[in-house]
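A structural walkthrough
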Amino acid sequence: MNCQELELGEGAFVDYIPDFLPSDEATTLLETLLEEENFESRAIKVFGKEVIQPRLLAWAGDMPYRYSGQTLPPKETSESLLELQRKVEQFTRTTYNHILLTYYRDGRDNIAMHADNEPELGKDPIIAGVSLGTTRRFLLKRKTRIKGEKPHSLKLEHGSLVVMRGTCQHRWRHSV
């Protein structure tokens, strides 16, 4: 597999593997997940105001997952997700305790700049994401800006894997 490592500095890294899943396998997985998983619209608080997230979510895991003032309760992991989780864990040599599925229905759906730095994720969490479907832009910006520094941008292709590791969640923010 082709692995592109992006060193962001200060111990932060992003690995991008464009061919993590073969195209036909990625297409079958996407179709299966859209059929099997219960995607829902959820509200979060942004600057003290409740707003509907501009995307759909599904999740699975043995423990609650908290972010943006809400808690996703434990939910059984389907066989399709377990198989994907095993592949990601084997590749990254990391164990993950939760799966968050984000469905961007069209070019308007997104997730704003944020960091996955919830305390229960640990000091330097490794966050992995598999992209299925239409190519999306993944943007990284340093939390404390350096004059003249431009954001990093990746095109997340169908079947690709992006892994954020090291100090990435403490020093950088990302969006899709």
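The sections below set out a description of the structure shown in this document. (Residues numbered from 1 in each chain as written. Predicted model: local features only at pLDDT ≥ 70, side-chain atom pairs only at ≥ 80, totals over all residues. Heavy atoms only, no water.)

Before going further, it helps to spend a moment on the sheet that holds strand 1 (residues 4-9). Strand order in the open sheet formed by four strands is 1-2-12-9, and the pairing between neighbours is antiparallel. Every other strand in the sheet has two partners, leaving strand 1 and strand 9 (127-131) as the edge strands with one partner each. Mean inter-strand twist for the sheet, computed between neighbouring axes without regard to direction, equals 15°. Contacts from helix 2 (residues 79-92) reach strand 2 (12-17), strand 9 and strand 12 (160-166) within the one sheet, and its direction differs from that of strand 12 by about 50°. (Pairing = 2+ DSSP bridges. Helix = DSSP H or I, 4+ residues; strand = E, 2+ residues; numbered from the N terminus. Axes fitted to C-alpha atoms, helices over the stretch in contact; angles between N-to-C directions. Contact = heavy atoms within 4.5 Å.)

Bringing the environment of Leu30 into the picture now. Here Leu30 shows up in helix 1 (residues 23-36). A relative accessible area of 23% places Leu30 in the partly exposed class. In the structure, Leu30 is positioned 78 residues away from Arg108 in sequence and 19 Å away in space, judged by C-alpha atoms. If sequence neighbours within four positions are ignored, Leu30 has contacts with Leu132 and Gly133. (Buried < 20%, exposed > 50% of the residue type's maximum accessible area, 1.4 Å probe, protein only.)

Moving on to helix 1. Its 14 residues give helix 1 an end-to-end C-alpha distance of 20 Å, which sits within 8% of 20 Å, the value for a rise of 1.5 Å per residue. By the burial criterion, the buried members of helix 1 are Ala26, Leu29 and Leu33. Down the axis of helix 1, the sector holding all buried residues measures 65°, keeping them to one side. Projecting away from the buried face of helix 1 at angles above 90 degrees are the exposed residues Asp24, Glu31 and Glu35. On its buried face, helix 1 sits against helix 2 and strand 8 (98-103). (Expected span 1.5 Å × (residues − 1). Arc of directions from axis to C-beta.)

Once that is clear, we can look at the environment of Asp124. In this structure, Asp124 sits in the loop between strand 8 and strand 9. For Asp124, a relative accessible area of 31% corresponds to the partly exposed category. Taking the C-alpha atoms as reference points, Asp124 and His114, ten residues apart in sequence, are found 15 Å from one another.

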